[in-house]
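Chains, contacts and geometry: an overview
Each chain, written out:
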Amino acid sequence: MSGARTYLRAVSGQRELARAGSRATGNALLELIQRRSDGPIERRHITVQEAQADTKIAALLAPLTAPRPALAGLALDRPRLMGIVNVTPDSFSDGNLFADPGAAIAHALALEAEGADILDIGAESTRPGAQPVSLEEEWRRLQPVLAGLLTATRAPISLDTRKPEVMHRAAGLGVHLINDVSALTWDAESLRVAAETGLPVVLMHAQGDPRTMQANPTYDDVLLDVYDWLEHRIDACVAAGIGRERLIIDPGIGFGKTLNHNLELMAGLSLFHGLGCPVLLGASRKAFIGALTGVKTAAERVTGSVAAALAGAAQGAQLLRVHDVAATRQALAVWEAVTAGHTRSQT
Ligand code: HH2
């Protein structure tokens, strides 16, 4: 079968598969997807036992069951919350609220107190239509916040940037993670510099640049196209010396996607575990929630955001990037206990 590719995802039971590890015999239901360059995409359901009985399919099952290494000291055996701190005048939901360094630090500490496991600090909005900011302006905004936070919090600090020089400077200050919405494609130096930092890196998929990305995003099959693109970026990172164990992948909700693209990605999210890296979902307060609910003000999309976070957790996402940490933490605590049938201390 020339030009054919096979993919495997858990339609249900991804969390149980991950817990069961190589012993995986659980009741997960799998979907086998075959895409040929010259024909329709075929999808059929199979059981874990059927997957294990076929050597080629068993190889696709392995990354769905393999444990992920700890990230910046955090075990990834349960969904972790990345609290968002935008040190910007123009972010889509909280622009200008935390542009002052003191306000940004206070907000980050409040998110930590609410239960954020990681704090994601960004100083350049990448919302649709956003204009890029210069290196020096981005660093002017970031430096006091990073320096202040690194002495004030025990939570790992993630740096949301596309610029290699910002990665280099922030790594020198001691940040723990790089989060790049361009998956290290924005600058020709990004791969090399990110490799040198030795830090874990979030590779997010985006089609196009924030200024134009919502103009007319098109895909053959959004789920498989984003998967293939992220796989190529992982390969590029590995070739540049960033080992797979340092990578986290993210389908990039809202970045060059229509409403239906976003919904297909969320519904098929478990596919991305096949890449063998932790999966991050960033759906918080985004426009697709407004489109589904009619809530125009981003800051009022908390309930919809929590629903999206739970949907991501149900598909085994290890990291959830959220503005509303307390609300998401409360929902996750209840959801985890009622789906498990016991509290975590009883496991
Ligand atoms: N979304 C935004 C920014 N950074 N990083 C990852 N990994 N995944 C995302 O989905 C993601 C991201 C956009 O949200 P926000 O930071 O709230 O807004 P803005 O870009 O306007 O500052």
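Above: the structure in question.
Report on the accompanying structure.

**Considering the overall build of the protein**
Of the regular secondary structure elements, the protein holds 12 helices and 11 strands. In summary, the protein has a C-alpha radius of gyration of 20 Å against a globular reference of 20 Å for 347 residues, a match within 12%. Dimensions of the protein, computed from the C-alpha atoms along their principal axes, are close to 55 × 50 × 45 Å. Within the span of the protein, comprising 347 residues, buried residues form 52% of the whole.

**Some words on the packing of helix α6 (residues 164-173) against helix α7 (residues 190-197)**
Running from amino to carboxyl end, α6 crosses α7 at an angle of 10°, the nearest separation of the two axes being 9 Å. Taken as axis vectors, α6 and α7 run roughly parallel relative to one another. When α6 is examined against α7, the residues Pro164, Met167, His168 and Ala171 are found in contact with a partner set consisting of Ser190, Val193, Ala194 and Thr197. Residues that form the contact of α6 with α7 fall into these classes: five nonpolar, three polar and no charged.

**Observations concerning the sheet that holds strand β3 (residues 42-47)**
The antiparallel open sheet is built from three strands, whose spatial order is β1-β2-β3. Only two strands of the sheet have a single neighbouring strand rather than two, namely β1 (4-12) and β3. Strand-to-strand twist of the sheet, defined as the mean angle between neighbouring strand axes without regard to direction, takes the value 25°. One ladder, built from eight bridges, connects β1 with strand β2 (residues 29-36); its direction is antiparallel.

**So, the site of the ligand**
The immediate surroundings of the ligand are formed by 18 residues, with Ser91, Ser125, Asn179, Asp250 and Lys286 found nearest. With respect to the ligand, the side chain of Arg321 contributes an N or O atom lying 2.8 Å from an oxygen atom. Relative to its unbound accessible surface of 480 Å², the ligand loses 98% to contact with the protein. If you map the ligand onto the pockets, it falls in the second largest pocket. When its residues are assigned to classes, the shell around the ligand shows six nonpolar, seven polar and five charged.

**Concerning α6**
Turning to α6, its buried residues are Pro164, Val166, Met167 and Ala170. With its buried residues spanning 155° around the axis, α6 presents them on a single face. Just past α6, the residue Gly174 takes up positive phi, approximately 120°.

**Observations concerning the packing of helix α4 (residues 101-114) against helix α5 (residues 135-152)**
Packing of α4 against α5 leaves a shortest axis separation of 9 Å and a crossing angle of 35°. In this structure, α4 crosses over α5, and the sense of that crossing is right-handed. Of the residues in α5, those in contact with Pro101, Ala104, Ile105, Ala108 and Leu109 of α4 are Pro144, Val145, Gly148, Leu149 and Ala152. Its residues placed into classes, the contact of α4 with α5 shows nine nonpolar, one polar and no charged.

**Side note on the side chain of Asp250**
Inspection of the secondary structure assignment puts Asp250 in strand β9 (residues 247-250). Of the buried charged residues, Asp250 lacks a salt bridge, with Lys286 as the closest side chain of opposite charge at 6.5 Å. Filtering out sequence-adjacent residues up to four positions away, Asp250 remains in contact with Val202, Leu203, Met204, His205, Leu230, Leu280 and Gly282.

**Structural notes on the packing of aromatic side chains**
Going through the model one piece at a time under the given rule, you end up with two aromatic pairs. Here Tyr7 and Tyr227 contribute two aromatic rings whose centre-to-centre distance is 5.4 Å and whose plane-to-plane angle is 80°, an arrangement assigned as edge-to-face. Of the two residues, Tyr7 is situated in strand β1 and Tyr227 in helix α8 (residues 222-239); the sequence distance between them amounts to 220 residues. Residue classification places Tyr227 among the buried residues on the basis of a relative accessible area of 7%. Linked through ring pairs, Tyr7, Tyr227 and Phe272 together constitute an aromatic cluster.

Conventions we followed
- Residues numbered from 1 in each chain as written.
- Predicted model: local features only at pLDDT ≥ 70, side-chain atom pairs only at ≥ 80, totals over all residues.
- Heavy atoms only, no water.
- Helix = DSSP H or I, 4+ residues; strand = E, 2+ residues; numbered from the N terminus.
- Rg over C-alpha atoms; globule rule 2.2 N^0.38 Å.
- Buried < 20%, exposed > 50% of the residue type's maximum accessible area, 1.4 Å probe, protein only.
- Axes fitted to C-alpha atoms, helices over the stretch in contact; angles between N-to-C directions.
- Parallel < 35°, antiparallel > 145°, perpendicular 65-115°, else oblique.
- Contact = heavy atoms within 4.5 Å.
- Nonpolar A, V, L, I, M, F, W, Y, C, P; charged D, E, K, R; others polar.
- Pairing = 2+ DSSP bridges.
- Near = heavy atom within 4 Å.
- Polar contact = N/O pair within 3.5 Å; in protein donor to acceptor, adjacent residues only side chain to side chain.
- Areas by Shrake-Rupley, 256 points an atom, 1.4 Å probe, with all protein chains shown as cover.
- 1 Å grid on protein atoms, 1.4 Å probe; cavity = no way out; pocket = protein on both sides within 12 Å on 5 of 7 lines; lining within 4 Å.
- Sits in = over half its atoms within 2 Å of the grid points.
- Arc of directions from axis to C-beta.
- Left-handed = near helix turned anticlockwise from the far one by under 90°.
- Lys, Arg positive; Asp, Glu negative; His and termini not counted.
- Salt bridge = Lys/Arg side-chain N within 4 Å of Asp/Glu carboxyl O.
- Phe/Tyr/Trp six-rings, centres within 6.5 Å; stacked < 30°, edge-to-face > 60°.

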